[in-house]
Amino acid sequence: MSAAGGVPRYDCIVIGAGHNGLACAALLARAGRGVLVLEAAERIGGAAATREFFPGYRVSAGAHLLHSLSADLRRDLRLDSHGLAAAATHMPTTSLLQGLAPLRIDAQGAGAEAGAYADYEARMRRFAGALAPALERTPPRLGAGRLSDRIELLRLGLRLRRLGRRDLRELLRIGGMNAFDWLNENFGSEPLKGALAFDAVLGTNFGPRSPGTVLTLLYRLAGQRIAGDAGLWQPVGGMGAVCAALAGAASAAGAVVRTATPVERVWIEGDRAVGVVLADGARIGAGTVISSADPKTTLLRLVGARHLDTDFVRRTTHFRARGLAAKLHLALDGVPRFAGLDADGLGGRLLIAPSMRYIEHAYDHAKYGEFSREPVLEITVPSVNDGTLAPPGKHVLSAILQYAPYAAGGGWDLQRPRLLKSAIDSMARFAPGLESQIVAAELLTPPDLERELRITGGHWHHGDLAFDQFFFVRPVPGATQYRSPVAGLFLCGAGSHPGGGVMGIAGRNAAREVLQGRG
Ligand SMILES: Cc1cc2nc3c(=O)[nH]c(=O)nc-3n(C[C@H](O)[C@H](O)[C@H](O)COP(=O)(O)OP(=O)(O)OC[C@H]3O[C@@H](n4cnc5c(N)ncnc54)[C@H](O)[C@@H]3O)c2cc1C
């Protein structure tokens, strides 16, 4: 840090201490840059934080399962030496089925379709393997004529070519398909298709029949490859432990992390970002500003339309970023008793997504500002694997309710208790007596998540993952490759390539772009 004319100055200011901002800060600091991270909230973590929601009960308040945290980043920043440890790895997925035994989603659970399942898995693994490097790298800029972009495009083509003719043809065929048709081609079992389709729509604004859901499924599978095929895992201390380890790596490299310090706007002189202005009016100078806040917040609020051209403002305004997932936390005075579930299953991921039709039906409601009385749920009981989250003998339940509309008819004040009741009733069908075990409940709808996490729309990915908002064009043309129309201002959050999930790639790639002096 230096100071000129009483204004402190850093090489780099990172806005937001979510996992991407922290990853970016750690890498910049390690490369010798003087880095200041400014976080508006009282604590670090953004959508990957652990917090107490009821005295003695802690939960991962946004993301609750790891499946795509970059294995390279974890190793490179030595996150394990900064306290990251697994409470559970390779957590199984079990589908809860009315009137039937719970179904483990794996080759054995596929029963008579075990062969088809193995073929499907192997094929999707090959496709995901071919796509994973594209997710991990900065997308090339089309038509820019830069040699590095051409090489990157060539690499992408070669990787796909290496799939071989048959696989490549199949990938091109299914790439734009919907999960509903694709899974129907592969399987007969409704519960199996329901569970597999769930991963295609989780965190998105889609139902299984929406075009592009094979892409979102492949996105998730490619993320798993980036994570070194560690499967689903849960860190000790909840998701906040990932960010604590990243902050540890950043601090060890010399970065300064300040919480409770909202940035009011990016300080722009001429056409260049030269620092930030805080909510209290204080200015801090920087050679480069990198924002992990969502694209609408960064570009429309912190920069402002007067610094941007009209067409770019229009595109950014239309960036679709309304979340469709809600989060439910329950404090329980004992272990929930899901019928027919063994200890291994209870420590894993439970789905209420018994068929693709059931999921599509729930999605149909959300399209019209309603929610289904038959909600789609991803349930975990993280305290089963990690005693640090609840008092002895007590438990926390963390669930994602896919398909809670941003704007609920009648307003969320009216609808929140109703959604809470249908979620609890739905789970209690499988875990008799659950209601009587509840000590406290918290339901965060998309507007609640927007407020609490400071993400426009409360969107899982900071903006839809759809063909027109993906890869080369994410978030919008003019702000791709982690750059922005304002010189010296970069983006490093989930709104940039490759999108959301606790992956760390956007933060890492943005740091690389800054260090390469592009922009
Ligand atoms: C309900 C929900 C459940 C999810 N579940 C999972 C899951 O199980 N697994 C998974 O992998 N992913 C999950 N995700 C997705 C994942 O949590 C996010 O994609 C990811 O955490 C985004 O990280 P980020 O660092 O890019 O942004 P964020 O975590 O959003 O961080 C941005 C930071 O910027 C700060 N900020 C914003 N404005 C300002 C300002 N003006 N000044 C200073 N700071 C500011 C915010 O407070 C925040 O800390 C979930 C998301 C949601 C919403």
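Residues numbered from 1 in each chain as written. Predicted model: local features only at pLDDT ≥ 70, side-chain atom pairs only at ≥ 80, totals over all residues. Heavy atoms only, no water.

### Looking at the packing of helix α6 (residues 179-186) against helix α7 (residues 190-201)
Where α6 contacts α7, the two axes come as close as 10 Å, and the packing angle between them is 145 degrees. Relative to α7, the crossing made by α6 is right-handed. Contacts between α6 and α7 involve A179, L183 and N184 on the former and, on the latter, K193, L196, A197 and A200. (Axes fitted to C-alpha atoms, helices over the stretch in contact; angles between N-to-C directions. Helix = DSSP H or I, 4+ residues; strand = E, 2+ residues; numbered from the N terminus. Left-handed = near helix turned anticlockwise from the far one by under 90°. Contact = heavy atoms within 4.5 Å.)

### Remarks on the environment of H459
Tracing the chain through its elements places H459 in the loop between α16 (446-453) and β19 (489-491). Between the C-alpha atom of H459 and that of A423, which follows or precedes it by 36 residues, the distance is 20 Å. Once you skip the residues sitting within four places of it in the chain, H459 turns out to touch G203, N205, A321, R322, G323 and D464. A distance of 3.5 Å separates polar atoms of two side chains, one belonging to H459 and the other to N205. (Polar contact = N/O pair within 3.5 Å; in protein donor to acceptor, adjacent residues only side chain to side chain.)

### Looking at the domain arrangement of the protein chain
One can read the domain layout of the protein chain as domain 1 (2-48 + 67-84 + 238-320 + 455-515) and domain 2 (117-226). Averaged C-alpha coordinates put domain 1 and domain 2 at centres separated by 27 Å. Taken residue by residue, the interface counts 29 residues in domain 1 and 27 residues in domain 2. Summed over both partners, the interface of domain 1 with domain 2 buries about 2,400 Å², with 59% contributed by carbon and sulfur atoms. On the domain 1 side of the interface with domain 2, the three residues burying the most area are H67, F472 and Q481, jointly 25% of the side's total. Applying the counting criterion to the domain 1 and domain 2 interface returns one salt bridge. Among the ionic pairs, E136 bridges to R508, the shortest N-O distance being 3.9 Å. (Domains from an automatic or database assignment. Buried area = accessible area lost by both parts, 1.4 Å probe. Salt bridge = Lys/Arg side-chain N within 4 Å of Asp/Glu carboxyl O.)

### With respect to the packing of aromatic side chains
Scanning the entire structure with this criterion turns up eight aromatic pairs. Centroid distance Y117 to F187: 6.3 Å. Interplanar angle 45 degrees. Geometry classified as tilted. Linking Y117 in helix α3 (residues 114-136) with F187 in the loop between α6 and α7, this pair joins segments that are 70 residues apart in sequence. Accessibility classification places Y117 together with F187 in one group, the buried group. On the basis of an interplanar angle of 15 degrees and a centroid distance of 6.2 Å, the ring pair of F371 and W412 is categorised as stacked. Remark: W412 occurs in helix α14 (residues 412-428) and F371 occurs in the loop between α13 (356-367) and β16 (376-380); sequence separation between them is 41 residues. We note that F371, like W412, is buried. (Phe/Tyr/Trp six-rings, centres within 6.5 Å; stacked < 30°, edge-to-face > 60°. Buried < 20%, exposed > 50% of the residue type's maximum accessible area, 1.4 Å probe, protein only.)

### Looking at the side chain of H19
With respect to the secondary-structure elements, H19 resides in helix α1 (residues 19-30). Using a relative accessible area of 8% as the deciding quantity, one classes H19 as buried. Polar contacts involving the side chain of H19 include one to the main-chain amide nitrogen of M503, which spans 3.1 Å. When near neighbours in sequence (up to four residues on either side) are disregarded, H19 contacts G45, C243, L246, G501, V502, M503 and G504.

### Let's talk about the side chain of E136
For E136, the location among the structural elements is in helix α3. Look at E136 and you get buried, because its relative accessible area is 17%.

### Remarks on the nonpolar core
F338, I379, Y403 and M427 are the most contacted members of the largest nonpolar core, which has 73 residues in total. Per element, the largest residue contribution to this core is seven residues, and it comes from α7. In this structure, F338 is in contact with L96, L346, L350, I379, M427, F430 and A431, ignoring residues within four places of it in sequence. Grouped together as the second largest cluster of nonpolar side chains are 40 residues, M239, V242, A255 and A511 included. (Core = buried A, V, L, I, M, F, W, Y, C linked by side-chain atoms within 4.5 Å.)

### Re the sheet that holds strand β15 (residues 349-352)
Reading across from one edge, β8-β7-β15-β16-β17-β14-β18 is the order of the seven strands in this open sheet, with mixed pairing throughout. The open sheet terminates on both sides in strands that have one partner only, identified here as β8 (103-104) and β18 (438-444). Looking at chain direction, β16 and strand β17 (residues 395-402) are connected through five bridges and run antiparallel. By the bridge assignment for β17, V376 is matched with Q402. (Pairing = 2+ DSSP bridges.)

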